[in-house]
Amino acid sequence: MTTDDVIRIEGLVKEFGPLRALDGLDLEVRAGEVHGFLGPNGAGKSTTIRVLLGLVRADAGAVRVLGGDPWVDAPRLHARMAYLPGDVSLWPGLTGGQCLDVLAAARGGLVESRRAELLERFALDPTQRARDYSKGNRQKVSLVAALAADADLLVLDEPTSGLDPLMEQTFQEVVRERRAEGATVLLSSHVLGEVEALADRVSIIRRGRLVTTGTLADLRRHTRTVVHAVTATEPAAVTDLAGVDDLEVERRAAGGVDLRFTVDADHLDATVGRLHAARIQTLTVRPPSLDSLFLRRYPEETPAPAGGAA
Amino acid sequence: MTGLGAALGIQWRTRRRLAGLWLVALVGSLWATATSVAGLYDSPAKVATYSGAVATDALVAINGRVAGIDTLGGIVQDEFAFVAAVLLPLCGIALVAGSTRREEESGRLEQLLAGRMDRRAPLVASLLGVLAVVALVVAGGVGALVSSGLPVAGSLLYVAALGGLMLLFAALAAVLGQVVLHARGVYAGSLAVLGLAYVVRGVGDVEGWWLAWLSPLTWVERAEPFAGQRWWVLAVPLAGAALLAGAAVVLAGRRDLGSARWRAGAGPGRAGALLRHPVGLALVVHRGSLAGWLTGAVVLAAVMGSLAQEVVAAIEGNPALSGYLAISGGDPADGFLAVVVLFLTVVAVGYVVQAVGTLRREETEGRLEPQLAGTTSRWRWLGAQLVVVGGGLVAVLGASSLVLGLTTARSTGEESYLWSLPAAGLAFVPAVLVVLGAALALFGVAPRAYPLAWVVVGLVAFVALLGTGLQLPGWVLDLSPTTHVGTPPDGAVARPALLVLTLVAAALAGTGFAGFRRRLVPRG
């Protein structure tokens, strides 16, 4: 645990009646990083975020945000934070630009030059009424409000829901710029590609507890690389190799052997050596994606009972 | 308090139009009442007849026991008492519920509280907003009364007492907003308290019990603005409001966002056959509000029916009262009951406009689109709503006038009321259908202008509640469809008019259906 943690949660518990939404959660976000916050529906991501914002009080555990207690110091801490909620709701009678300024007024202002620049980059017309916006455009209003703020910590809950791929690209650029300027970002998302593209470190939670945390490289070390190779001859004793799994071998009519398998990081070198000895004709090696990481984490455990709140 | 300025700014931007409408409605109705009364009772002799006419238990139960009834101010207070007892608390409740729990429900509050804003600031801003509206109502109200020739001190005390009433209910709504999950729960709880306060005030005033002091509505009377002028009574609602507001602010500072003391438990995992049918779904959407309006109408009918005998006795003892009730010759009881049936019609009109407004909510909140995306055609969907709302209005008028018939027959011993009063109530169905048609036409053709439908409700209520007493000109009375029905059970029902009203209603509804078929859905 380092002193420059922007967010530090230890043993956080939150109960809603009989439902234990957070069950001893730990989370650590370091200054200047983009931290991916992942978990299936109902894992407790939104509740965690609400605790971090002081919107919901923790039942037990220690929570520090920017060196303060979010429940006690909420307004003071919020001056240094910007938040994008998972469900964006605007005032239907106001224009997008007015909503933006109302949100900014509540936050304590935003950077005017950034406001103009982001409206431009997200191609958002601020003169339309909020009720006339599409879901994507409503999302953009809140996104601009959060990203144009002069904040040290950005808390973004499902930031790109409703955005088109082009706008997702723009969003990623802007987040990288904000990180380069020194901001810390907590990014809760289901779009794993986005987390993969942006996050320095990732925490995966499930049923109110931390399952795993670390850099993507760390996490990948525990997962398997997918290999597809065609060799001239059948490699010696591939099947016997430790660390190789899901093996499929097929002899091609045109000659050569088609091999598909997965292998863990520790045995990759030895396995590729065997393939090389059998004379490689084509070779595709796919690193473990976050998807496979994420998907592998969950079926291992028993399914959660239905009815949990997000 | 951090962020209070920002919260006030948001209030100003998002709520000022609604607050302005309330302000105009409150001051306007007070002004209309005062000028009409001043015009009607322009000599001391006429003023004296009034006090004799209204000193009956029935009217005391409805309007209260007004001190200084032998002055112009007292008459204004008495005439305005019923409207004031409904409108002022409702205004306070609506302003607070709309800017606190409603904002929390919608998720907008979450975004605001994530800013540099104390979690109590939105509530405090909302209460300060109400305080500002009260101040303007007091200023405007005093101006309206003084311009009609009422004394300044009395006018100030009267309107200030009304302002205290509004503040008290605003503060009550603020507390309820902290402990129930939905804005509609805030309305239901506050209006239940208001109903109770009305009954306690009525019973207390008639029986002369100390019990009446328990009702905030009594406090306005006990201030005696046009008689003894007890200024200290103002402290009672103000202290109550301050206490409730303080409790609400403390609760707001301590609780989780989105939390509530009371919330619904688990429900069934499957929808039954009824719910899967458009009419069944419409029933579910409308049942809560229908139950509320139905209860209100039935209670009103039961209270009025039980008082019928008192009124008959009073009128026989004092013929001037029939002039006050604008009863034309006939049987005094019938005249009184005709007015009651008109009241019940106003309730039905309110139900109809609120129910069609629910359809707008379905649309703007994104629930209409998926309902129309399947095999249900637009006409079938709107038809299902029409069936349910139309059935609801017949239920409101039918059930309440039946209860009126039962209670009146019991209190007067005249069995004929069992038939004549339900018939009288149902005779107003075509008039209410006209309002339903107008609401559907707005919904179908100009959905964004839907709030205008409430202007129709206001007009019908104004004509029904104050029109005859204030002797408004004929063309104003004719604007309300209820005027054309006649005055059953006192006078005959104008049967040809019922046919015309039904045709007008059908034409309006047809316009609504045609418009709804063609227009953009959803129109935000």
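Residues numbered from 1 in each chain as written. Chains lettered and ligands numbered in written order. Predicted model: local features only at pLDDT ≥ 70, side-chain atom pairs only at ≥ 80, totals over all residues. Heavy atoms only, no water.

This part covers the interface of chain B and chain A. Quite often, the size of an interface is put as the accessible area lost when its parts meet. With 26 residues of chain B in contact, the opposing surface of chain A contributes 32 residues. Contact between chain B and chain A buries roughly 2,600 Å² in total, counting both sides, with carbon and sulfur atoms accounting for 54%. Scanning the region where chain B abuts chain A turns up three salt bridges. Here Asp132 of chain A and Arg448 of chain B are joined by a salt bridge, their closest N and O atoms 2.5 Å apart. Across the chain B-chain A interface, the total number found is 18 residue pairs in polar contact (both at pLDDT 80 or more). (Contact = heavy atoms within 4.5 Å. Buried area = accessible area lost by both parts, 1.4 Å probe. Salt bridge = Lys/Arg side-chain N within 4 Å of Asp/Glu carboxyl O. Polar contact = N/O pair within 3.5 Å; in protein donor to acceptor, adjacent residues only side chain to side chain.)

Let's shift gears to empty space enclosed by the protein. Residues and elements named next belong to chain B. Applying the stated criterion across every chain yields a total of six cavities of 30 Å³ or more. Estimates place the volume of the second largest cavity at around 210 Å³. Contributing to the lining of the second largest cavity are 19 residues, with Glu104, Leu109, Leu113, Arg119 and Arg255 lying nearest its centre. When its residues are assigned to classes, the lining of the second largest cavity shows nine nonpolar, five polar and five charged. (1 Å grid on protein atoms, 1.4 Å probe; cavity = no way out; pocket = protein on both sides within 12 Å on 5 of 7 lines; lining within 4 Å. Points joined across faces, edges and corners; volume = space filled by probe spheres on them. Nonpolar A, V, L, I, M, F, W, Y, C, P; charged D, E, K, R; others polar.)

Attention now moves to the sheet that holds strand β2 (residues 19-30) of chain A. The strands that make up a sheet pair up through hydrogen bonds in the backbone, lying either parallel or antiparallel. All names here are of chain A. With respect to topology, three strands assemble into an open sheet ordered β2-β1-β4, the strand pairing being antiparallel. Edge strands, defined here as strands with exactly one partner in the open sheet, are β2 and β4 (60-65). For this sheet the average axis-to-axis angle between neighbouring strands, irrespective of direction, equals 15°. Sheet topology places strand β1 (residues 5-16) next to β2; nine bridges connect them, and they run antiparallel. The residue of β2 that forms the bridge with Ile9 is Leu27. (Pairing = 2+ DSSP bridges. Helix = DSSP H or I, 4+ residues; strand = E, 2+ residues; numbered from the N terminus. Axes fitted to C-alpha atoms, helices over the stretch in contact; angles between N-to-C directions.)

Here the focus is the domain arrangement of chain B. Residues and elements named next belong to chain B. Examined at the domain level, chain B breaks down into domain 1 (1-258) and domain 2 (274-524). Distance from the C-alpha centre of domain 1 to the C-alpha centre of domain 2: 26 Å. If you look at the interface, domain 1 gives 21 residues, while domain 2 gives 18 residues. In total, domain 1 and domain 2 occlude about 1,600 Å² of area from one another, counting both sides; carbon and sulfur atoms represent 75% of this. Sorting the residues of domain 1 by area buried against domain 2 places Leu40, Ala58 and Glu79 first, and these three jointly supply 25% of that buried surface. Of the charged contacts, one joins Arg102 and Glu365 as a salt bridge, the two residues approaching to 3.3 Å between their closest N and O atoms. Seen at the junction of domain 1 and domain 2, the total is one residue pair in polar contact (both at pLDDT 80 or more). (Domains from an automatic or database assignment.)

Attention now moves to the sheet that holds strand β3 (residues 34-38) of chain A. Residues and elements named next belong to chain A. Pairing is mixed in the open sheet, where six strands are placed in the order β5-β6-β7-β3-β8-β9. Each having just a single partner strand, β5 (81-84) and β9 (209-215) make up the two edges of the open sheet. Averaged over all adjacent pairs, the angle separating strand axes in this sheet is 15°, with direction ignored. Taken together, the six bridges between strand β8 (residues 201-206) and β9 define a ladder with antiparallel strand orientation. Opposite Ile204, over in β9, you have Thr212 as the bridge partner. On top of the sheet, helix α1 (residues 45-52) reaches β3, β5, β6 (153-157), β7 (184-188) and β8; it is set at about 150° to β7, its chief contact.

All right, on to the environment of Glu112 of chain A then. Tracing the backbone through its elements, the reader meets Glu112 of chain A in helix α4 (residues 112-121). Placed 15 residues apart in sequence, Glu112 of chain A and Thr127 of chain A show a C-alpha to C-alpha distance of 17 Å.

Glancing now at α1 of chain A. Residues and elements named next belong to chain A. Here α1 lies mainly inside the structure; six of its eight residues are buried. If you check which residues of α1 are buried, you get Lys45, Thr47, Thr48, Ile49, Val51 and Leu52. Where α1 terminates, the next one or two residues include Gly54, which has phi positive at roughly 75°. (Buried < 20%, exposed > 50% of the residue type's maximum accessible area, 1.4 Å probe, protein only.)

This brings us to helix α3 (residues 96-107) of chain A. For α3 of chain A, built from 12 residues, the straight-helix expectation of 16 Å at 1.5 Å per residue is met to within 8% by its first-to-last C-alpha distance of 16 Å. When you tally the buried positions in α3 of chain A, you get nine out of 12 residues, the bulk of the element. The secondary structure elements touched by the buried residues of α3 of chain A are α2 (74-78), β5, α4 and α5 (135-147) of chain A together with α1 (4-40) and α6 (108-113) of chain B. Backbone geometry just after α3 of chain A places Gly108 of chain A at a positive phi near 100°. (Expected span 1.5 Å × (residues − 1).)

Residue and element names in this part refer to chain B. Considering all chains together, one arrives at nine aromatic pairs over all chains under this definition. For the ring pair Phe82 and Phe343, a centre distance of 5.9 Å and an interplane angle of 25° mean the geometry is stacked. One end of the pair, Phe82, is in helix α4 (residues 72-99); the other, Phe343, is in helix α14 (residues 332-364), with 261 residues separating them in the sequence. Note on accessibility: Phe82 and Phe343 belong to one class, buried. Put simply, the rings of Phe82, Tyr198 and Phe343 touch in pairs and so form one group of aromatic residues. (Phe/Tyr/Trp six-rings, centres within 6.5 Å; stacked < 30°, edge-to-face > 60°.)

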